[in-house]
Amino acid sequence: MGGLERRRRWSQDDKTRIVEETLVPGTKVTEVARRNGVAASLVFTWRRQARTSEQVAPSFAPVQIVATEVEEPPKLLPASDGRVRSVATARTGLIEIDLGNRRRIRVDAHVDPEALARVLEVLERR
């Protein structure tokens with residue numbers, strides 16, 4: 001008398017709730033699956049899919065704001081053409097861009113935005 005077994009459709013909310021239940025310390029996936037009437041292998045699949053979707057989702061990058069040194073008055077140095085130019089002793093508005101793969105760019109408030117955009121564009125292609 002084995003009747004035709006239908007596949008059950010699980011809503012995204014149900015999947016999320018069941019996966020979250022498995023994340024409680026000391027909880028066994030098989031027990032959560034049995035309690036919810038779903039195969040443990042399916043729960044493991046949902047957990048893997050949840051991990052994969054979390055890695056792709058956009059996220060905020062960590063930012064650290066550090067105090068800068070108090071700027072001294074600029075020093076005056078003679079240029080090669082005989083004129084005097086000022087040299088800042090401290091970098092103001094330092095921005096550090098971590099590109100990953102041990103690559104990092106540091107610029108200050110006086111960076112030419114168009115030049116920086118060109119550099120970033122070239123590095124993005126690599």
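Residues numbered from 1 in each chain as written. Predicted model: local features only at pLDDT ≥ 70, side-chain atom pairs only at ≥ 80, totals over all residues. Heavy atoms only, no water.

1. Looking at the overall build of the protein chain
Part 1: Scanning the protein chain from terminus to terminus reveals 4 helices and 4 strands.
Part 2: Order of helices (α) and strands (β) in the protein chain, N terminus to C terminus: α-α-α-β-β-β-β-α.
Part 3: Across the protein chain, the fraction of contacts at a sequence separation of at least 24, relative to all contacts at a separation of at least 6, is 18%.
Part 4: Carbon and sulfur atoms make up 53% of the accessible area of the protein chain, which totals about 11500 Å². (Helix = DSSP H or I, 4+ residues; strand = E, 2+ residues; numbered from the N terminus. Contact = heavy atoms within 4.5 Å. Areas by Shrake-Rupley, 256 points an atom, 1.4 Å probe, with all protein chains shown as cover.)

2. Looking at helix α2 (residues 29-36)
Part 1: Buried within α2 we find V29, V32, A33 and N36. Taken end-on, α2 shows its buried residues confined to a sector of 100°, consistent with a single buried face. Away from its buried face, by an angle of more than 90 degrees, α2 presents the exposed residues R34 and R35.
Part 2: The first or second residue beyond α2 is G37, which carries a positive phi of 70°. (Buried < 20%, exposed > 50% of the residue type's maximum accessible area, 1.4 Å probe, protein only. Arc of directions from axis to C-beta.)

3. Re the packing of aromatic side chains
Part 1: Inspection of the entire model under this criterion finds 1 aromatic pair.
Part 2: Aromatic pair W10 and W46: ring centres 5.7 Å apart, planes at 70°, arrangement edge-to-face. Here W10, found in the segment before α1 (12-22), pairs with W46, found in helix α3 (residues 40-56); they are 36 residues apart in sequence, far enough to count as distant.
Part 3: A cation sits over an aromatic face here: R8 above W10, 3.8 Å from the ring centre. (Phe/Tyr/Trp six-rings, centres within 6.5 Å; stacked < 30°, edge-to-face > 60°. Lys NZ or Arg CZ within 6 Å of the ring centre and 35° of its normal.)

4. Things to note about α1
Part 1: Taken together, the buried positions of α1 are occupied by I18, V19 and T22. Taken down its axis, α1 places every buried residue within 100° of arc, on the same side. Exposed and facing more than 90 degrees away from the buried side of α1 are D13 and E20.

5. Describing the nonpolar core
Part 1: Ranked by size, the top nonpolar core spans 9 residues in total: W10, I18, V19, V29, V32, A33, V38, V43 and W46.
Part 2: Elements supplying a minimum of two residues to this core: α1, α2 and α3.
Part 3: Setting aside anything within four residues of it in sequence, one finds I18 in contact with W10, V32, N36, V43 and W46. (Core = buried A, V, L, I, M, F, W, Y, C linked by side-chain atoms within 4.5 Å.)

6. Considering the environment of I97
Part 1: For I97, the position within the fold is in strand β3 (residues 95-100).
Part 2: The exposure class assigned to I97 is partly exposed, which follows from its relative accessible area of 23%.
Part 3: Along the sequence, I97 and V107 sit 10 residues apart, while their C-alpha atoms lie 8.4 Å from each other.
Part 4: With residues up to four places along the chain from it excluded, the contact list for I97 reads R103, R104, I105 and L120.

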